[in-house]
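If you want the building blocks of each chain, they are given just below.
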Amino acid sequence: MKILHLDKNHPLLLNQLNDLGYTNHEDYTSSKSEIEAKIKTYDGIIIRSRFTIDQQFLNAATNLKFIGRVGAGLENIDCDFAEKKGVYLISAPEGNRNAVGEHALGMLLSLFNELNKADREVRQGKWLREANRGIELDGKTVGLIGYGNMGKAFAKKLRGFDVDVLCYDIKDNVGDENCKQVPLEELQEKADVLSLHTPQTELTTGMVNSEFINAFKKPFWLINTARGKSVVTADLVNALETGKILGAGLDVLEYEKSSFENLFKNSNRKDEEMPDAFRYLIKAENVLLTPHVAGWTIESNIKLAQTIVDKIKAKFC
């Protein structure tokens, strides 16, 4: 089989596919239309998030047998149409779930203990102990929306704490020894912390809005290492201002582009293009922001690539 690699990944992916006898070509710069013009000669594609694999692209890919997406989600692929065309879809949530679990826990502990705020103040010569008194995770209830690979990884990390972990998921019977599955209403009644672990779908886009937030009985902390478009940022800011949300750790943002480019294209016009809600977030001391790197570790780079190779090998060898 001939495989076209559209994004750079760990070299083991190319090396091991070569060892399996596949012909591998790399094209990291051509436009989508240029790729479409030659895609009919390839049996497989390896991609991260460079562009969307839509119906036009899939119709041009007349010989395509599989798409390997080196990441957890498949939202940049028209999955229904691909499956109708007989294209096998491969993702690799197993490769970065541990990294996401660790990142979510790190964000939560940093928020609870004012670590980033305190660090900035000490660097400025401020020694404000009372202003940086933390709170403990023990005794809290952590609610997870979505209990697949990422949610399970985070729940596993929480085992060392004296916390109750609850999850809500659209699938039945996903709870395990680390987490009790409950109705959404029960989660909203009991949670002190909410962590999102959902893919980007029609159901999850705009899911965390004012109505959703106000359904929580208690003020809560929000962690989002999933997809930025799940949270309506303006509604999040309103909840931060009123104290309904006590603080937020956001690895993903509503304003992200699927290709993970800079948030605002024209650097000389950033202030003009920047939404008011985002301006609030970057100044808020109870908000922690990272650039979609929860699953982006040295180790996950290797594991993601290896997962894709293993799944190709299992299907086609």
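Residues numbered from 1 in each chain as written. Predicted model: local features only at pLDDT ≥ 70, side-chain atom pairs only at ≥ 80, totals over all residues. Heavy atoms only, no water.

## Side note on the nonpolar core
Then comes step 1: Counting residues in each nonpolar core, the largest one holds 32 residues, and the members touching the most others are L194, L196, L222, L236 and L281.
Then comes step 2: Looking at this core, the elements that each hand over two or more residues are α8 (184–190), β9 (193–196), α9 (210–214), β10 (220–224), α10 (233–242), β11 (245–250) and α12 (276–283).
Then comes step 3: The biggest single contributor to this core is α10, with 4 residues.
Then comes step 4: Look past the residues within four positions of L281 in its chain and what remains in contact with it is T233, L236, V237, L240, L250, L253, V287 and L289.
Then comes step 5: Counting 22 residues, the second largest nonpolar core, distinct from the first, contains L137, Y147, A155 and W221. (Core = buried A, V, L, I, M, F, W, Y, C linked by side-chain atoms within 4.5 Å. Buried < 20%, exposed > 50% of the residue type's maximum accessible area, 1.4 Å probe, protein only. Helix = DSSP H or I, 4+ residues; strand = E, 2+ residues; numbered from the N terminus. Contact = heavy atoms within 4.5 Å.)

## Focus: empty space enclosed by the protein
Then comes step 1: Evaluated as defined, the whole model comprises 1 cavity of 30 Å³ or more.
Then comes step 2: Taken as a whole, the largest cavity spans an internal volume of roughly 40 Å³. (1 Å grid on protein atoms, 1.4 Å probe; cavity = no way out; pocket = protein on both sides within 12 Å on 5 of 7 lines; lining within 4 Å. Points joined across faces, edges and corners; volume = space filled by probe spheres on them.)

## As for unusual backbone geometry
Then comes step 1: Despite not being glycine, E114 has its phi angle at roughly 55°, a positive value.
Then comes step 2: Structurally, the position occupied by E114 is in the loop between α5 (93–112) and α6 (115–123).
Then comes step 3: Backbone geometry places N173, a non-glycine residue, at a positive phi of 60°.
Then comes step 4: Inspection of the secondary structure assignment puts N173 in the loop between β7 (164–168) and β8 (180–181).
Then comes step 5: A relative accessible area of 75% places N173 in the exposed class.

## So, the sheet that holds strand β4 (residues 66–69)
Then comes step 1: Reading across from one edge, β2-β1-β3-β4-β5 is the order of the 5 strands in this open sheet, with parallel pairing throughout. Here the strands that pair on one side only, and so sit at the sheet edges, are β2 (23–26) and β5 (88–90). Sheet twist, expressed as the mean angle between neighbouring strand axes with direction ignored, is 15°.
Then comes step 2: Bridge count between strand β3 (residues 44–47) and β4: 4 bridges; the pairing is parallel. Across the sheet, I47 pairs through a bridge with R69, a residue of β4.
Then comes step 3: Across the sheet, helix α13 (residues 298–316) is in contact with β3, β4 and β5; its angle to β5 comes to roughly 155°. (Pairing = 2+ DSSP bridges. Axes fitted to C-alpha atoms, helices over the stretch in contact; angles between N-to-C directions.)

## Quick look at the pattern of salt bridges
Pairs may arise between side chains of opposite charge once their charged atoms sit close together.
Then comes step 1: Using the criterion set out here, one finds 13 salt bridges in the structure.
Then comes step 2: In this structure, D43 and K65 form a salt bridge, with 2.6 Å as the shortest nitrogen-oxygen distance. With D43 in the loop between α2 (32–38) and β3 and K65 in the loop between α3 (55–60) and β4, the pair connects residues that are 22 residues apart, well separated along the chain.
Then comes step 3: Look at K65 and you get partly exposed, because its relative accessible area is 32%.
Then comes step 4: Here K117 ties to E121 by a salt bridge, and the two come within 3.0 Å at their closest N and O atoms. (Salt bridge = Lys/Arg side-chain N within 4 Å of Asp/Glu carboxyl O.)

## Quick look at the packing of aromatic side chains
Then comes step 1: With the rule as written, the count across this model stands at 7 aromatic pairs.
Then comes step 2: With 5.8 Å between their ring centres and 50° between their planes, F51 and F57 make a pair best called tilted.
Then comes step 3: Taking the relative accessible area as the measure of exposure, F57 reaches 0% and is therefore buried.
Then comes step 4: Geometrically, the ring pair formed by Y88 and F316 is edge-to-face, given 6.1 Å between the ring centres and 80° between the ring planes. Of this pair, Y88 sits in strand β5 while F316 sits in helix α13, and the two are 228 residues apart along the sequence.
Then comes step 5: Look at Y88 and you get partly exposed, because its relative accessible area is 33%.
Then comes step 6: Taken together through their ring pairs, the aromatic side chains of F66, Y88 and F316 make up a single cluster.
Then comes step 7: The side chain of K2 reaches across the aromatic face of Y42, ending 4.7 Å from its centre.
Then comes step 8: For the cation-ring pair, K315 lies above Y88, with the distance from its terminal atom to the ring centre recorded as 4.7 Å. (Phe/Tyr/Trp six-rings, centres within 6.5 Å; stacked < 30°, edge-to-face > 60°. Lys NZ or Arg CZ within 6 Å of the ring centre and 35° of its normal.)

## Observations regarding the environment of E177
Then comes step 1: Relative to the assigned elements, E177 resides in the loop between β7 and β8.
Then comes step 2: Along the sequence, E177 and A155 sit 22 residues apart, while their C-alpha atoms lie 9.5 Å from each other.

## Describing the pairing of β2
Then comes step 1: Bridge count between strand β1 (residues 2–5) and β2: 4 bridges; the pairing is parallel. Paired with H5 across the strands is E26, a residue of β2.
Then comes step 2: Viewed along the sheet, the connection from β1 through helix α1 (residues 11–19) into β2 turns out right-handed. (Right-handed = clockwise from strand over helix to strand, strands pointing away.)

## Concerning the packing of α10 against α12
Then comes step 1: Direction vectors running N to C along α10 and α12 enclose 45°, while the axes themselves pass 9 Å from each other. The angle between the axes of α10 and α12 places the two elements in the oblique class. Once α10 is placed against α12, the crossing between them reads as left-handed. Along the contact surface, α10 presents T233, A234, L236, V237, L240 and E241, while α12 presents A277, Y280 and L281.
Then comes step 2: In terms of residue class, the contact of α10 with α12 is built from 7 nonpolar, 1 polar and 1 charged. (Parallel < 35°, antiparallel > 145°, perpendicular 65-115°, else oblique. Left-handed = near helix turned anticlockwise from the far one by under 90°. Nonpolar A, V, L, I, M, F, W, Y, C, P; charged D, E, K, R; others polar.)

Read these as spatial facts, not as claims about activity.
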